[in-house]
Amino acid sequence: MGLKDKITADMKDAMRAKDKVRLTTIRMLQAAIQRREVDDRITLDDNGVLAIVEKIIKQSRDAAEQFTTGNRPELADKEMADIAVWEQYLPEQLDEAEVDTMITQAISESGAQSMKEMGKVMGLLKPKLQGKTDMGAVSAKIKSKLSG
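What this report covers is the structure whose coordinates are included nearby. Because the structure is a prediction, the values reported are computed rather than measured. (Residues numbered from 1 in each chain as written. Predicted model: local features only at pLDDT ≥ 70, side-chain atom pairs only at ≥ 80, totals over all residues. Heavy atoms only, no water.)

## Things to note about the environment of I56
- Mapping I56 onto the fold places it in helix α3 (residues 46-69).
- A relative accessible area of 11% means that I56 is categorised as buried.
- When the C-alpha positions of I56 and G111 are compared, they lie 34 Å apart, and in sequence the two are 55 residues distant.
- Contact partners of I56, with chain neighbours within four places excluded, come to M28, L29, A32 and W86. (Helix = DSSP H or I, 4+ residues; strand = E, 2+ residues; numbered from the N terminus. Buried < 20%, exposed > 50% of the residue type's maximum accessible area, 1.4 Å probe, protein only. Contact = heavy atoms within 4.5 Å.)

Take a look at the structure:
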């Protein structure tokens, strides 16, 4: 079963269970997927859907941070609840040690010596790590290793 099929099945389950909060959250994700497919006139595969899930989670984390800063904890809590639902569609997350090992490996494989060659390293890592870890954190780690 593909990721889009799983999302649709989960939406139907939420309807049957009359779980309005979960249903609304899954519908938001499904709307984002459909919007991308219609705008780009494509049918997304699992990697494309995964990219949308990651994007929507990142946007909600940013919103939750803004709500917390703006002293609106009830809105921040809602964003965090949405994130919890969407995270179930991500693959199993890698731990820090595994990510560090993969970064070191990619730097040696690419022969990168400086920040100018960071793109080579990211090019090697992105297909392996997409959805399995925060790519922003990976980017920061690569920068520190190449500048240090």
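## Section: the side chain of Q30
- Within the fold, Q30 resides in helix α2 (residues 20-40).
- At a separation of 2.9 Å, a polar atom in the side chain of Q30 contacts the side chain of T8.
- Setting aside residues up to four positions removed in sequence, Q30 forms contacts with T8 and M11. (Polar contact = N/O pair within 3.5 Å; in protein donor to acceptor, adjacent residues only side chain to side chain.)

## Structural notes on unusual backbone geometry
- Positive phi outside glycine occurs at K18, with the angle close to 55°.
- With respect to the helices and strands, the residue K18 is situated in the loop between α1 (3-16) and α2.
- At R41, a residue that is not glycine, the phi angle is positive and equals roughly 50°.

## Focus on the nonpolar core
- Formed by 21 residues in total, the largest nonpolar core has its most connected members in I7, L29, I33, V49, V53, I57 and Y89.
- Sorting elements by how many residues they give to this core places α3 first, with six residues.
- Apart from the residues within four sequence positions on either side, L29 is in contact with I7, I52, V53, I56, W86 and Y89.
- Listed in part, the 15 residues of the second largest apolar core include I103, A112, V121 and M135. (Core = buried A, V, L, I, M, F, W, Y, C linked by side-chain atoms within 4.5 Å.)

## Here's the deal with the layout of surface pockets
- Considering only enclosed or pocket space, the largest pocket measures out at about 380 Å³ in volume.
- Around the largest pocket, the lining is made up of 17 residues, and of these E54, K58, R61, D134 and M135 lie nearest the centre.
- Every element with two or more residues in the lining of the largest pocket is listed here: α3 and α7 (135-147).
- No other element matches the seven residues that α3 contributes to the lining of the largest pocket.
- When its residues are assigned to classes, the lining of the largest pocket shows three nonpolar, five polar and nine charged.
- As for the second largest pocket, its lining consists of A32, R35, R36, A51, I52, K55, I56 and Q59.
- Within the residue set of the lining of the second largest pocket, elements represented by two or more residues are α2 and α3.
- The leading source of residues in the lining of the second largest pocket is α3, at five residues.
- Among the residues making up the lining of the second largest pocket, the classes are represented as four nonpolar, one polar and three charged. (1 Å grid on protein atoms, 1.4 Å probe; cavity = no way out; pocket = protein on both sides within 12 Å on 5 of 7 lines; lining within 4 Å. Points joined across faces, edges and corners; volume = space filled by probe spheres on them. Nonpolar A, V, L, I, M, F, W, Y, C, P; charged D, E, K, R; others polar.)

## Quick word on the packing of helix α5 (residues 96-110) against α7
- The interhelical angle for the contact between α5 and α7, taken along N-to-C directions, is 50°, at an axis separation of 11 Å. On the basis of the axis angle, α5 is oblique to α7. Considering how the two elements wind past one another, α5 and α7 form a crossing that is right-handed. Contact residues: E96, V99, D100, I103, T104 and I107 in α5; V138, K141, I142, K145 and L146 in α7.
- Of the residues belonging to the contact of α5 with α7, the class tally is six nonpolar, one polar and four charged. (Axes fitted to C-alpha atoms, helices over the stretch in contact; angles between N-to-C directions. Parallel < 35°, antiparallel > 145°, perpendicular 65-115°, else oblique. Left-handed = near helix turned anticlockwise from the far one by under 90°.)

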